[in-house]
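# Analysis of the macromolecular model
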Amino acid sequence: MGTGSIQLARLFGIRIGASPSWFFVLFVMILSLSSSYTREFGQATGYAMAVASAVVFFASITLHELGHALVARRCGIETSGIDLWFFGGIAKLNRDSRSPREEFVVAVAGPVVNLLIIGVTAAVSAAVFGASRFWNVVTLYDDPSPVLSLLGWLTLVNGVLLVFNLVPAFPLDGGRIARAVAWRVTGDRNRGTRFSARLGQGFSYVLIGVGIYMLIRSDVFSGLWFMVLGWFLGQAATSAVATTRFSERLEGVTVADVMDPEPVWVPADTTALQAQDEFFLRYRWPWFPVADAVSGRFLGLLRQERVDGVVRDGQPALTAGEIVDQGPDEAFGVPDDTPISQLLGSEKLYALGALMVVDGDQRLRGVVTIEQVHRAAATPLPGRAG
């Protein structure tokens, strides 16, 4: 979804991007709204209103996804970015939830943001223009001023986003809330996922049916949009069901069961020149884990470009511990008792190609690669006894 996205902004340290498909939707939305607004407000004002309406619509989607991302961050789940695309927006979380409560609070955060926007917009509009007139605007019974029209649109689209996302069909927020509830009741994450995913598959057929009806009514763009949206949600729900099968096959298998227990690593007191000669020129790898030579504590990654840079700059005596790329603990490492199923689809694993496996004291225990995870998914190994 986020392939080739263009960065639009950065909020709270989170990258906000847009895929090429988003620009197409933006253009179509402005074109559609401008024809309607022009009849009421004239060409110049109508076009400006159309642009403003499209901007506040996608701003609402961005704030919705930002709600997910910020609450996820409080739960210890990092977000690699938020992308706007053909069907709205998506917050790309680096891992899935580990408990029903975590799943619930992250899922409900987005709809809460939409509810807050509705509340603030309605309160401001009612205070400035009067509650009855604002209600007439929202229900399309009044011919409003441009400002009130925009406020009414903002309230209306957030209401639509709120209701749509609360449909209990995975992967919508309502489906994730349903999964959290079913997970809590049954004590089984996979059963909760299957329950909400089946609802998602059913809802996808409803959307496709709506799209076919619109095509029959000659509303080609809306009909195709609903049909493609229904297909996408159906595929996502089907994929979730398939993932539960993998998770059940891998139940009891942890990262420690499939990792390489003897990784090549660089002691922290190794100089940059030594690292260049003894590791990078020898193994031809782009990075190596660095650990304390005495305690074995994992310190971060030593990257080739960093080593080559300090040697080229006349600082070959700098040690690996001084030039290591540290990052947060969860950026490069994974606890040794992590279920292997949690690495399926892990963005940080796919970004690096491997993750460092650490114990409870952050000591380096091994390395787990993409190939090892895929092999475990294809032929699950028995979990460790006791």
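Model, not experiment: these values are computed from the prediction.

### A word on the environment of isoleucine 212
Topologically, isoleucine 212 is positioned in helix α7 (residues 189-216). Overall, isoleucine 212 belongs to the partly exposed group, its relative accessible area being 42%. Each C-alpha atom, one on isoleucine 212 and one on leucine 224, is 7.9 Å from the other, the two residues being 12 residues apart in sequence.

### A short note on the packing of aromatic side chains
For the structure on display, the rule yields 17 aromatic pairs. The interplanar angle of 80° and the centroid separation of 5.0 Å between the aromatic rings of phenylalanine 280 and phenylalanine 288 together place this pair among those described as edge-to-face. Judged by relative accessible area, which is 2%, phenylalanine 280 ranks as buried. Exposure remark for phenylalanine 288: the relative accessible area of 0% places this residue in the buried category. Three or more aromatic residues link up through ring pairs in this structure, and these residues are Phe24, Trp85, Phe86, Phe87, Trp225, Phe226 and Phe232.

### Comments concerning the nonpolar core
Core analysis: the largest hydrophobic core is formed by 28 residues, its most contacted members being Ile340, Leu343 and Val368. Those elements that place two or more of their residues in this core are α9 (255-258), β6 (287-291), β7 (298-303), α14 (347-352), β9 (354-358), β10 (364-369) and α15 (370-378). The dominant element in this core, judged by the number of residues it contributes, is β9, at 5 residues. When residues no more than four places from it in sequence are discounted, the contact partners of leucine 343 are Val255, Val334, Leu349, Leu355, Val368 and Val373. Ala18, Ala54, Phe57 and Val113 belong to the second-largest nonpolar core, a separate cluster that totals 23 residues.

### Some remarks on the confidence of the model for the chain
Per-residue confidence for the chain gives a mean pLDDT of 87; residues scoring 70 or more make up 94%. Strand β5 (residues 266-267) holds the highest mean pLDDT among the elements of the chain, 96, whereas helix α13 (residues 329-332) holds the lowest, 68. Confidence drops under pLDDT 50 across residues 380-386; counting only partners more than four residues distant or on other chains, this segment forms 17 contacts.

### Thoughts on the side chain of serine 125
Note on placement: serine 125 falls in helix α3 (residues 100-129). Setting aside anything within four residues of it in sequence, one finds serine 125 in contact with Gly130, Phe134, Leu148 and Leu151.

### Describing the environment of glutamate 102
Along the chain, the position of glutamate 102 falls in helix α3. When its relative accessible area of 11% is taken as the criterion, glutamate 102 is described as buried. Placed 27 residues apart in sequence, glutamate 102 and cysteine 75 show a C-alpha to C-alpha distance of 6.8 Å. Those residues in contact with glutamate 102, other than ones at most four positions away along the chain, are Cys75, Ile77, Arg95, Asp96 and Ser97. Only 2.8 Å separates the side chain of glutamate 102 from the backbone nitrogen of arginine 98, close enough to count as a polar contact.

### Some details on the packing of α3 against helix α6 (residues 173-186)
The geometry of α3 relative to α6 is characterised by a closest axis approach of 8 Å and an angle of 160° between their N-to-C directions. In terms of orientation, α3 lies roughly antiparallel with respect to α6. α3 and α6 meet at a crossing whose hand is left-handed. Within the contact between the two elements, α3 uses Pro100, Glu103, Phe104, Ala107, Val108 and Pro111 and α6 uses Asp173, Arg176, Ile177, Arg179, Ala180, Trp183 and Arg184. The residue makeup of the contact of α3 with α6, split by class, is 8 nonpolar, no polar and 5 charged.

### Examining the sheet that holds β5
Taking strand neighbours across the sheet as the criterion, the 3 strands line up as β5-β6-β7 in an open arrangement whose pairing is mixed. Edge positions in the open sheet fall to β5 and β7, since each of these has one partner strand only. Each of β5, β6 and β7 is contacted by helix α10 (residues 272-283), which is oriented at about 140° to β6, the strand it contacts most.

### Focus: α3
Note on helix geometry: an α-helix contains 3.6 residues per turn, so any two residues three or four positions apart are oriented the same way. Over its 30 residues, α3 extends 43 Å from the first C-alpha to the last, a length consistent with the 44 Å expected when each residue adds 1.5 Å. Along its length, α3 reaches its greatest deviation from straightness, about 35°, at alanine 109, and the proline proline 111 lies no more than four positions downstream. With its phi angle positive at about 100°, glycine 130 sits one or two positions after the end of α3.

Conventions adopted
Residues numbered from 1 in each chain as written. Predicted model: local features only at pLDDT ≥ 70, side-chain atom pairs only at ≥ 80, totals over all residues. Heavy atoms only, no water. Helix = DSSP H or I, 4+ residues; strand = E, 2+ residues; numbered from the N terminus. Buried < 20%, exposed > 50% of the residue type's maximum accessible area, 1.4 Å probe, protein only. Phe/Tyr/Trp six-rings, centres within 6.5 Å; stacked < 30°, edge-to-face > 60°. Core = buried A, V, L, I, M, F, W, Y, C linked by side-chain atoms within 4.5 Å. Contact = heavy atoms within 4.5 Å. pLDDT = per-residue confidence, 0-100. Polar contact = N/O pair within 3.5 Å; in protein donor to acceptor, adjacent residues only side chain to side chain. Axes fitted to C-alpha atoms, helices over the stretch in contact; angles between N-to-C directions. Parallel < 35°, antiparallel > 145°, perpendicular 65-115°, else oblique. Left-handed = near helix turned anticlockwise from the far one by under 90°. Nonpolar A, V, L, I, M, F, W, Y, C, P; charged D, E, K, R; others polar. Pairing = 2+ DSSP bridges. Expected span 1.5 Å × (residues − 1). Bend = angle between axes of the 7 residues up to and from the residue.

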